[in-house]
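Okay, here's what each chain looks like letter by letter:
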Amino acid sequence: MSTTAPATEPQGAIDRFFSVTARGSTIGTEVRGGIVTFVTMAYIVILNPIILTGSPDVDGNTLAFPAVGAATALSAGVMTILFGLVTRLPFAFAAGLGINAFLAFSVVGDVTWREAMALVIINGLIIVLLAATGLRKMIFDAVPMQLKLAITVGIGLFIAFIGFVDAGFVTSTGTASPPVGLGIGGSVTTVPTLLFVVTLVITGVLVALRVKGGILIGLVSGTVLAVIAEAIWHFGPAADGKGGWSLTVPALTGSPFSIPDLSLIGAVDFGFDLGKVSSVTLIMIVFTLVFSNFFDAMGTMTGLAKEAGLSDENGDFPRIKSALIVEGVGAVVGGATSSSSHTVFIESGSGIGEGARTGLANVVTGVMFLLAMFLTPLTSIVPTEIAAAALVIVGAMMMSQIAHIDLTDFRVLLPVFLTVTVMPLTYSIANGIGAGFVAWVLIQSLSGRARRVSPLLWIVAAGFLIFFARGPIEALLGA
């Protein structure tokens, strides 16, 4: 049975404000979609602190795990609700995984954590300025539709790959060739990974049968099985070497409540010590942050809007300028709370797959994130392996957009292929977009179609070339 409701008159103020009925949805569907999105994103409250607290900065200082967890939930809740209210779109926010890793493993080797978060704020202000002036939208419009669709497909593969890795279904072999493999030693050997497969099958069947709440039912079913398995065999965390859970153990011990530690709010420092770090290094850090933030978000919103059926033939979607501005605000808020830049999350596709079409779903997701500040122990009961099944399902849904791309022209085929493959293989949406943009400009121009390429796309492609070569450029300028 379809989840789409017949078009009727709005049923109340909430319906009118969010255009729930106008988009063929219902309030119940939006609530359900918001819950599913939260369930698939809740891991960030645990994962973001793991990434950010694992690296000491240039002065040897580290961030406190409970404080980062609370700040992550707070920022995600505030930004998700703000985005839903301003744009009326079902795109939830959380700390961007690429940027938090860049901060932890690269940036804090040169600056302190407080200075790193100040750079994140500067990055956000630049993004807001580009969006407010219309330049960000102009770049968006300059992108050919074939590449916009390819971005959607690439994000689908990226989501699926994240799910496979999170579940332990695909792992690093530790060798140069092949770099990754199935499970451990070429086979599924742990119960958590097996439960991922079981959850994937349950959810896939429910979605295929068009059961309302199929993704949510699958997640709940998988979590119940995980809790039972943990209660019987006591696997514990994977670090114990017993084939356990990769990130969160599905067992609640002690009180489900905790008082949030908000001590990191406002812990930023714009007084950079140029005796320890050069101005060139600071510029390159900001350049990298802006490019990653700018194109990751653009690609993600393009893909989600297409999946939700909210974009037109040019890839535009409702309130796009507001969406681009608020997304930049997410970086400012993330930096101000020391939880890293917050941006649109590709996991929002799980709620969209459940039927969410409006910002009401965002409000539900955001409220749950705010509650998660006090319920961190309860939030962590959904193991990553179970949530990963929803990501694979959504990835498959987004993959279907490739049917709308005419691949008979190799001038189109190669840039699309690079966009789709580079994203998952390099674990970066920005890298995939950059590879596609550069390939499009070069292939079109050198094969006699230079006039068809927007001048703005030339500029963006040149910027991506600098982005890809930023390491050698920084070393050269520094020298």
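Residues numbered from 1 in each chain as written. Predicted model: local features only at pLDDT ≥ 70, side-chain atom pairs only at ≥ 80, totals over all residues. Heavy atoms only, no water.

**A short note on the packing of helix 8 (residues 145-166) against helix 18 (residues 429-449)**
Logical step 1: It is at 10 Å that the axes of helix 8 and helix 18 come closest, and there the two elements cross at 150°. By the angle between their directions, the pair helix 8 and helix 18 is classed as roughly antiparallel. Crossing angle aside, the handedness with which helix 8 passes helix 18 is right-handed. Along its contact with helix 8, which presents Gln 146, Leu 147, Ile 151, Ile 155 and Phe 158, the element helix 18 presents Ile 429, Ile 433, Gly 436, Phe 437 and Trp 440.
Logical step 2: Class assignment of the residues belonging to the contact of helix 8 with helix 18 gives a composition of eight nonpolar, two polar and no charged. (Axes fitted to C-alpha atoms, helices over the stretch in contact; angles between N-to-C directions. Helix = DSSP H or I, 4+ residues; strand = E, 2+ residues; numbered from the N terminus. Parallel < 35°, antiparallel > 145°, perpendicular 65-115°, else oblique. Left-handed = near helix turned anticlockwise from the far one by under 90°. Contact = heavy atoms within 4.5 Å. Nonpolar A, V, L, I, M, F, W, Y, C, P; charged D, E, K, R; others polar.)

**Let's talk about the pattern of salt bridges**
Pairing is possible between side chains that carry opposite charge, provided their charged atoms lie close to one another.
Logical step 1: Following the criterion strictly, the structure yields seven salt bridges and no others.
Logical step 2: A salt bridge links Arg 449 to Asp 409, with the shortest nitrogen-to-oxygen separation between them at 3.0 Å. With Arg 449 in helix 18 and Asp 409 in the loop between helix 16 (384-399) and helix 17 (410-426), this pair connects stretches of sequence that are 40 residues apart.
Logical step 3: Each member of the salt-bridge network shares a partner with another, and the members are Lys 137, Asp 141 and Asp 316. (Salt bridge = Lys/Arg side-chain N within 4 Å of Asp/Glu carboxyl O.)

**Looking at helix 10 (residues 214-233)**
Logical step 1: If you check helix 10, its first and last C-alpha atoms are 28 Å apart, about what 20 residues at 1.5 Å a residue would give, namely 28 Å.
Logical step 2: All of the buried residues in helix 10 are Gly 214, Ile 215, Leu 216, Gly 218, Leu 219, Gly 222, Thr 223, Ala 226, Ala 229 and Glu 230.
Logical step 3: Structurally, helix 10 contributes buried residues whose contacts are with helix 2 (27-41), helix 9 (191-208), helix 13 (348-353) and helix 16.
Logical step 4: Backbone geometry just downstream of helix 10 places His 234 in the positive-phi region, at approximately 55°. (Expected span 1.5 Å × (residues − 1). Buried < 20%, exposed > 50% of the residue type's maximum accessible area, 1.4 Å probe, protein only.)

**Let's talk about the packing of aromatic side chains**
Logical step 1: In the structure shown here, the tally under the stated rule is 16 aromatic pairs.
Logical step 2: Centroid distance Phe 158 to Tyr 427: 5.4 Å. Interplanar angle 80°. Geometry classified as edge-to-face. Of this pair, Phe 158 sits in helix 8 while Tyr 427 is found in the loop between helix 17 and helix 18, placing the two residues 269 residues apart along the sequence.
Logical step 3: Exposure remark for Phe 158: the relative accessible area of 7% places this residue in the buried category.
Logical step 4: When the ring of Phe 464 is compared with that of Phe 467, the centres are 6.0 Å apart and the planes differ by 85°; the resulting orientation is edge-to-face. Of this pair, Phe 464 and Phe 467 both sit in helix 19 (residues 455-468), three residues apart, which is roughly one turn of the helix.
Logical step 5: For Phe 464, a relative accessible area of 0% puts it in the buried group.
Logical step 6: The exposure class assigned to Phe 467 is buried, which follows from its relative accessible area of 2%.
Logical step 7: Taken together, the ring pairs in this structure connect Phe 83, Phe 91, Phe 93 and Phe 317 into an aromatic cluster. (Phe/Tyr/Trp six-rings, centres within 6.5 Å; stacked < 30°, edge-to-face > 60°.)

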